[in-house]
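A look at the structure
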Amino acid sequence: MLFNLAIAATILITGALLSLPALRKAPVWRAMVTPLASIIGSGFLVLGPLLNHAYGRFAPLAMALLCLVAWGYGAAIRDNIRAIGDEGTAKPVWAESLASALLGFAFMVSVAYYLNLFGSFALSLTPIASPFNARLMTSAIYALILVVGWTRGFKTLERMEYASVALKLAIIAGLLLALAVFTGGKAVEGTLVISEVHETGWAALTLGFGLIVTVQGFETSRYLGAQYKAKTRINSMRLAQIVSTAIYLIYIALVTYAFDPAGMSLSETAIVDMMGVISPLLPLVLVAAALAAQFSAAVADTGGSGGLIAELSRQRITQRHAYALTVAVGLGITWVADVFQIIAYASRAFAAYYAVQAAIAAWRVWPDKPLRAAQHAGLALLAVAIAIFGTPIE
C-alpha cells in the first residue's frame with residue numbers, strides 16, 4: 001500500500017512541478033517540449049521488452065548505441081540550424097526540399113506507428129484485446145483525426161501537447177521509482193536477472209537499424225524557426241536529447257536486470273504485463289500515458305506531414321487534402337503490417353531523411369571543419385545502410 005502511495009505521490013508531485021507557470025513560460029523549456037515529446041514517446045513503451053528480449057544482458061549497451069547514433073544525427077541537424085540561422089534561408093535548396101519530402105513521408109509512417117500503438121494499448125486491459133480489434137480502434141482514431149483536421153484544423157488538438165508531455169514525464173518518474181525499488185530489492189536478494197542474448201551478428205545489427213525511430217523526434221527543432229531563434233532551438237534540442245538519453249538508459253538498465261524475457265511473450269503491450277508484476281497501479285497509469293503520448297504525437301506528425309506536403313506542392317495540394325493522403329497511407333499500413341513491422345518501416349523512412357540532413361551538414365562545414373564533415377558524411381552513409389537493411393524483430 002505504501003509503495004503504491006509513493007508511486008502516486010511521485011507522479012502527482014512531478015506533474016505539479018512541470019505545471020508551474022515559471023517553467024511553462026521558460027523559452028528553452030517551451031522549445032524543448034516538442035522534441036522531448038517526440039523522443040520519449042512510443043519508443044519508451046516498446047523498447048524495454050524488445051531490447052531485453054533481443055539483446056539480453058547487453059540491452060543497456062544497445063540502448064546506449066541507439067542514443068549515440070541519434071546524438072550524431074542531432075549534431076548534424078544542429079549544424080544545419082546554425083548555418084541557416086534566424087533568416088530561414090537554406091542552401092542548397094534542392095537538398096533541403098528533398099529532406100522535407102522524405103520527412104513528410106516519414107511522418108506518414110510514424111503516424112501509423114503511433115496510432116497502431118494507441119489501438120493496442122487502448123484495448124490492452126479489456127477482454128476484447130486482439131490484433132483485429134486494435135486495428136479497428138486505430139482506424140477509428142484515424143477517422144477522428146481526419147474529420148478534425150479537415151473541418152477545424154489541428155489548433156484545438158495541438159493544445160494538448162504540453163499537458164500530454166507533463167503527464168507522460170510524471171508517469172515516467174513514477175515508473176522509474178517503482179523499477180528502482182523493485183530492481184534494488186532483487187539486487188539485495190542476489191536475484192538479478194542476467195539473461196541470454198537472442199539476436200547476434202548481422203541480425204542484431206539490422207534489428208538495431210530498425211529501431212532508430214524509437215529515439216527519433218529531435219529533428220522537430222529544425223522546423224520551429226517561426227517560434228524560436230536558432231540559438232534557442234539548438235540548445236533546446238541538445239537538452240532534449242540529453243534528458244531523453246538519461247531516462248532511456250536508466251529505464252533499460254532497470255528493466256534488463258529485473259525481468260527474464262524467457263518467461264514472457266513479446267508484444268507491443270508487453271510493458272503493461274511487466275509493470276503489473278511490480279504494482280497494480282502501474283498498468284493503469286502506463287495505459288493513460290500511452291494514449292496521451294500516441295494521440296498527441298500522431299496529431300503533431302499529421303499536422304507536420306500536411307504542412308510539408310502543402311509547402312512542397314506550392315499549395316497545389318491543400319493541407320486538408322494532405323491530411324487525407326496521410327490518413328489513407330496510414331490506414332493501408334495499419335491493415336497490412338503489425339506494429340513491429342511498422343517500427344522498422346518508420347525507422348527506414350527517418351533514416352533516409354537523416355541521410356540527407358547529415359550529407360547537407362557535411363557539405364556546409366567542409367572545408368572549415370574537415371573532421372566534423374567526415375563525421376557527418378559517415379553518419380549519412382550509416383543512415384543509407386539503416387534505410388536499406390533495417391528489419392523488424394521476428
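The present account deals with the structure reproduced in this document.

Parameters at a glance
Residues numbered from 1 in each chain as written. Predicted model: local features only at pLDDT ≥ 70, side-chain atom pairs only at ≥ 80, totals over all residues. Heavy atoms only, no water. Helix = DSSP H or I, 4+ residues; strand = E, 2+ residues; numbered from the N terminus. Contact = heavy atoms within 4.5 Å. 1 Å grid on protein atoms, 1.4 Å probe; cavity = no way out; pocket = protein on both sides within 12 Å on 5 of 7 lines; lining within 4 Å. Points joined across faces, edges and corners; volume = space filled by probe spheres on them. Nonpolar A, V, L, I, M, F, W, Y, C, P; charged D, E, K, R; others polar. Core = buried A, V, L, I, M, F, W, Y, C linked by side-chain atoms within 4.5 Å. Buried < 20%, exposed > 50% of the residue type's maximum accessible area, 1.4 Å probe, protein only. Phe/Tyr/Trp six-rings, centres within 6.5 Å; stacked < 30°, edge-to-face > 60°. Lys NZ or Arg CZ within 6 Å of the ring centre and 35° of its normal. Axes fitted to C-alpha atoms, helices over the stretch in contact; angles between N-to-C directions. Parallel < 35°, antiparallel > 145°, perpendicular 65-115°, else oblique. Left-handed = near helix turned anticlockwise from the far one by under 90°. Patch = residues over 30% accessible without salt bridge, like charges linked within 9 Å, V, L, I, M, F, W, Y side chains within 5 Å. Areas by Shrake-Rupley, 256 points an atom, 1.4 Å probe, with all protein chains shown as cover. Salt bridge = Lys/Arg side-chain N within 4 Å of Asp/Glu carboxyl O.

A look at the environment of Val 255
With respect to the helices, strands and loops of the structure, Val 255 is situated in helix α11 (residues 230–256). Between the C-alpha atom of Val 255 and that of Leu 47, which follows or precedes it by 208 residues, the distance is 9.9 Å. Apart from residues no more than four positions distant in its own chain, Val 255 is found in contact with Gly 48, Asn 52, Leu 179 and Met 274.

Thoughts on the layout of surface pockets
Computed from the structure, the second largest pocket encloses a volume of approximately 350 Å³. If you go around the second largest pocket, you meet 18 residues; those closest to its centre are Ala 62, Leu 65, Ala 204, Leu 205 and Gly 208. For the lining of the second largest pocket, the elements supplying multiple residues, two or more each, are α4 (42–55), α5 (59–84), α10 (201–209) and α16 (370–389). In terms of residue count, α5 provides more of the lining of the second largest pocket than any other element does, five residues in total. Considered class by class, the residues forming the lining of the second largest pocket number 16 nonpolar, one polar and one charged.

Considerations on the nonpolar core
Leu 51, Met 63, Leu 179, Tyr 251 and Met 275 are the most contacted members of the largest nonpolar core, which totals 115 residues. If you tally residues by element for this core, the top one is helix α15 (residues 339–365), at 15 residues. Ignoring any residue separated from it by four or fewer positions in sequence, one finds Tyr 251 in contact with Phe 44, Gly 48, Pro 49, Leu 175, Leu 176, Leu 179 and Ile 271.

Some words on the packing of aromatic side chains
Taken as a whole and assessed by the stated rule, the structure comprises ten aromatic pairs. Ring geometry for Phe 182 and Phe 259: centres 5.5 Å apart, planes at 25°, overall stacked. Of this pair, Phe 182 sits in helix α9 (residues 160–189) while Phe 259 sits in the loop between α11 and α12 (270–278), placing them 77 residues apart in sequence. Classification of Phe 182 by relative accessible area gives partly exposed; the value is 22%. With a centroid separation of 5.6 Å and an interplanar angle of 55°, the aromatic rings of Tyr 353 and Tyr 354 are classed as tilted. Members of the aromatic cluster, joined through ring pairs, are Tyr 73, Phe 107, Phe 218, Phe 350, Tyr 353 and Tyr 354. The cationic tip of Arg 78 hangs over the ring face of Trp 71; the distance from NZ or CZ to the ring centre is 4.5 Å.

Brief notes about the packing of α5 against α16
Running from N to C, α5 and α16 cross one another at 120°; their axes reach a closest spacing of 10 Å. Regarding the angle of α5 to α16, the classification is oblique. Here the hand of the crossing between α5 and α16 comes out left-handed. Facing α5, whose interface residues are Val 69, Gly 72, Tyr 73, Ala 75, Ala 76 and Asp 79, α16 presents Arg 372, Gln 375, His 376, Leu 379, Leu 382, Ala 383 and Ile 386. The class makeup of the residues in the contact of α5 with α16 is eight nonpolar, three polar and two charged.

Re the packing of helix α7 (residues 131–151) against helix α13 (residues 281–312)
Two elements in contact, α7 and α13, have axes whose closest approach is 11 Å; the angle formed by their N-to-C orientations is 50°. Classified by the angle between their axes, α7 and α13 sit oblique to one another. Relative to α13, the crossing made by α7 is right-handed. In this structure, α7 contributes Ile 141, Leu 144 and Ile 145 to the contact, and α13 contributes Phe 295, Ala 298, Val 299 and Thr 302. Tallied by class, residues from the contact of α7 with α13 come to six nonpolar, one polar and no charged.

A word on a nonpolar patch on the surface
A contiguous nonpolar patch, built from Trp 202, Leu 205, Val 384, Ile 388 and Phe 389 and spanning about 490 Å² of accessible area, is present on the exposed surface. Mapped onto the nonpolar patch, the elements with two or more residues apiece are α10 and α16. Element by element, the count of residues in the nonpolar patch is highest for α16, at three residues. By secondary structure assignment, the location of Ile 388 is in helix α16.

What about the environment of Tyr 113?
Considering the arrangement of structural elements, one finds Tyr 113 in helix α6 (residues 93–123). By relative accessible area, Tyr 113 is classed as buried at 1%. For the pair Tyr 113 and Asp 338, spaced 225 residues apart in sequence, the C-alpha to C-alpha distance is 9.3 Å.

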